[in-house]
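Architecture and fold: a report
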Amino acid sequence: VITTFGGWSLFNHAVSAPRFDNALFLPGADGPFAVLAPNKPFTLVAEQGWLPVPGREETPFLWYRTQMNGHEYQNPILLLRTGDELDVTLDNQLDEGTIIHWHGLHVPGRVDGHPIHTVDPGEQYEYRFKVTNRGGTYWYHTHAHHRTARQAHQGLASFLLVSDDDNEALNEALGLELGTTDLPLVLQDKRFDRLGHLVYRPNPMQGMMGYLGDEVLVNMTPAATHEVERRIHRLRLLNGSTARIYRLALRAEGQAIPFRVIGTDAGLLESPREAREAFLSPGERLEVLVDFAAFAGGDRVELHSLEFDPMAGGGMGGGMMGRGMGGGMGRMMGGGMHDGDPLALLEFVVREGEAVTAEVPERLSRIEPIDVTDAGERDIRLDMAPMQWRINGETYAPDRVPIEVDANTREVWTIRNADRSMPHPMHIHGFSFQVLSRSGGPDFVRQQAVNDEGLTVTDLGWKDTVLLWPGETVRIAIDFTHHYDGDQLYVFHCHNLEHEDNDMMVNVRVRA
Ligand code: C2O
Ligand code: CU
Ligand code: CU
């Protein structure tokens, strides 16, 4: 569908005829995004450097630099095992405040990266904690108060992978190896200026609604292509965009290629589940297996984001704020690519050679459903006041704590998106949850239900972020078990990072 407003095409970036000409950036032995399994205390220096972008010029980039065992790393992909200690010092060498948050990890409030812990330029912050999470694809990123979106867009984010017995058993059974056949892939939409420098310059409308890039990079590679052997690959997909939602699907010769979803935010599912598409909103992770053994040498398999209407279900009918809006506002909002536009993200080219077949285990892990028999109940309402999104009528105030919970309890939250203008990916720090039900959303979401409760495949397993479409109600069960001393302070917020920076966030106190 080509929609034109006054001669200006919504799809003026020719996404229908993609050319993939840059080799996908993969982690090396050191340098940017290399895998680092720390075996001693280390320092992450937040600073500005210059990142080579495949097929492009170098760009100014914010990163976390560190050294270990004679190697230098920038934004290392941290690799830990359940039970490991992480002992790291943030050294802020930026010219503004920053703080690191460990997204998805169960840690005490002091080391969580709450925005009140933002440290000034030249200052340091010490983190020391035990990784108690199950194996999974986590990540770490800036949580600087009111500066998270820009700092994350400019680079301050990377993976934190946790390994455990289940993960090792799976990789062993399938002969997978991190960095070659087990691939961390971060999806981020960005904008570059004429010099090839990353730009984060939202106009007031974008600064409020969300800053959308005009191209999507995978592992900081624009138009990425990657050669694969004829065997199963594990893709660890992270939506590291500030605001863009993806509707992921695989295509070969225009045909839909099914894949197996094996994990979500906080690790493996109980068993693999076949899917043809999956939504991924900012902050969420999805782990999938793709079997390239079924293809012939020279075949191309593309990762796409399919079209959708992000305002559908809101009752605005793609009206005022939607993609159907007039050209003037359209330009202000996205300037070329709207959320929900069809996009080609990444191409896999299958190599010639013997196919290696492997049996995918039926049992990946064990997920104990959260016992909600005497769980507390809480209603959360998302809505919009003029120019301001709210959570139960609140916007972020450092000294207000709208949500107080007792430690070692479970709560069921019924979250309702009464904001009819936008979807909101909601995220809680410090704890994981399970999605119980999803209802009232747009047709294209309901059509993807994988069970009677309306869950999509992205909702399965252990989660820390869940997407609420306009008009939807989502129920989640949260496990507030921890063994720390004293009260702990966290946040619950929208992971559209522009919304977060616009204070769509509340404090959560977990009382000892
Ligand atoms: Cu990934 Cu508070 O965020
Ligand atoms: Cu987080
Ligand atoms: Cu939001």
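Reference entry: report on the structure contained in this document. Note that this is a predicted model, so its numbers are computed, not measured. (Residues numbered from 1 in each chain as written. Chains lettered and ligands numbered in written order. Predicted model: local features only at pLDDT ≥ 70, side-chain atom pairs only at ≥ 80, totals over all residues. Heavy atoms only, no water.)

Right, let's get into the overall build of the protein chain. On a plain count of helices and strands, the protein chain comes out with six helices and 37 strands. Computed over the C-alpha atoms, the radius of gyration of the protein chain is 21 Å, within 12% of the 24 Å expected from 2.2 N^0.38 for a compact globule of 512 residues. Counting only C-alpha atoms, the protein chain reaches 60 × 55 × 50 Å along its principal axes. Within the protein chain, buried positions represent 62% of all 512 residues. Within the protein chain, contacts between residues separated by at least 24 positions form 80% of all contacts whose residues are at least 6 apart in sequence. Per element, the accessible surface of the protein chain, about 19000 Å² overall, is 46% carbon and sulfur. (Helix = DSSP H or I, 4+ residues; strand = E, 2+ residues; numbered from the N terminus. Rg over C-alpha atoms; globule rule 2.2 N^0.38 Å. Buried < 20%, exposed > 50% of the residue type's maximum accessible area, 1.4 Å probe, protein only. Contact = heavy atoms within 4.5 Å. Areas by Shrake-Rupley, 256 points an atom, 1.4 Å probe, with all protein chains shown as cover.)

We now examine the environment of Ile257. Its location among the elements puts Ile257 in strand 21 (residues 255-257). For Ile257 and Lys190, which are 67 residues apart along the polypeptide, the C-alpha to C-alpha distance reads 27 Å. When neighbours within four sequence positions are excluded, Ile257 is seen to be in contact with Leu250, Arg251, Ala252 and Phe295.

Below, the discussion takes up the sheet that holds strand 33 (residues 432-439). Taken in spatial order, the five strands make up an open sheet running 29-28-31-35-33, and their pairing is mixed. At either margin of the open sheet sits one strand with a lone partner, and together these are strand 29 (388-391) and strand 33. Put simply, the sheet's adjacent strands are angled 20° from each other on average, direction ignored. Alignment of strand 28 (residues 376-385) against strand 31 (residues 410-417), held across seven bridges, turns out to be parallel. Looking across to strand 31, one finds that Leu382 is bridged to Asn417. (Pairing = 2+ DSSP bridges. Axes fitted to C-alpha atoms, helices over the stretch in contact; angles between N-to-C directions.)

Attention shifts here to the pattern of salt bridges. Going through the model one piece at a time under the given rule, you end up with 37 salt bridges. In this structure, Asp265 and Arg285 form a salt bridge, with 3.9 Å as the shortest nitrogen-oxygen distance. Linking Asp265 in the loop between strand 22 (259-264) and strand 23 (267-275) with Arg285 in strand 25 (residues 285-291), this pair joins segments that are 20 residues apart in sequence. What makes Arg285 buried here is its relative accessible area of 0%. Linking Arg511 and Asp406 is a salt bridge whose minimum nitrogen-to-oxygen distance equals 3.1 Å. Here Asp406 lies in strand 30 (residues 403-406) and Arg511 lies in strand 37 (residues 505-511), a separation of 105 residues in the sequence. A relative accessible area of 31% places Arg511 in the partly exposed class. The class for Asp406 is partly exposed, based on a relative accessible area of 39%. (Salt bridge = Lys/Arg side-chain N within 4 Å of Asp/Glu carboxyl O.)

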